[in-house]
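# Examination of the molecular architecture
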Amino acid sequence: MAEELDTSVSTLLGETIQEEGLNEKDLKNISEKLEVINLQFAKRNKRKIWVCQ
């Protein structure tokens, strides 16, 4: 998604993390936020599919 929007993942998540300075805690935090976003997209797509049927 970040590539399509021509921005960084940290910008999409509202974070200002330097890629060189990522540690395990930062990666875990980012992955948790991405999981929430993915679940929101999945729910939205499920509703759209249900409405269109």
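Throughout what follows, the structure given in this document is the object of discussion. (Residues numbered from 1 in each chain as written. Predicted model: local features only at pLDDT ≥ 70, side-chain atom pairs only at ≥ 80, totals over all residues. Heavy atoms only, no water.)

### Digging into the overall build of the protein chain
Looking only at helices and strands, the protein chain features 2 helices and 0 strands. A total of about 5000 Å² of accessible surface is found on the protein chain, and carbon and sulfur atoms cover 53% of it. (Helix = DSSP H or I, 4+ residues; strand = E, 2+ residues; numbered from the N terminus. Areas by Shrake-Rupley, 256 points an atom, 1.4 Å probe, with all protein chains shown as cover.)

### Brief notes about the pattern of salt bridges
Two side chains with opposite charge may pair up if their charged atoms get near one another. Tallying each qualifying case throughout the model produces 1 salt bridge. Where Lys28 meets Glu32, a salt bridge forms, and the shortest distance between an N and an O atom there is 3.0 Å. Within this pair, Lys28 and its partner Glu32 are both found in helix H2 (residues 24–52), separated by 4 residues, close to a single helical turn. (Salt bridge = Lys/Arg side-chain N within 4 Å of Asp/Glu carboxyl O.)

### Notes on a nonpolar patch on the surface
A contiguous nonpolar surface patch, about 370 Å² in accessible area, is contributed by Met1, Leu5, Leu12 and Phe41. Topologically, Leu12 is positioned in helix H1 (residues 9–12). (Patch = residues over 30% accessible without salt bridge, like charges linked within 9 Å, V, L, I, M, F, W, Y side chains within 5 Å.)

### With respect to the environment of Lys33
Counting through the fold element by element, Lys33 comes out in helix H2. The exposure class assigned to Lys33 is partly exposed, which follows from its relative accessible area of 26%. Remark: the alpha-carbon pair of Lys33 and Leu13, spanning 20 residues in sequence, is separated by 7.1 Å. (Buried < 20%, exposed > 50% of the residue type's maximum accessible area, 1.4 Å probe, protein only.)

### With respect to the environment of Asn23
Here Asn23 is to be found in the loop between H1 and H2. A distance of 2.9 Å separates the side chain of Asn23 from the backbone nitrogen of Lys25, its partner in a polar contact. (Polar contact = N/O pair within 3.5 Å; in protein donor to acceptor, adjacent residues only side chain to side chain.)

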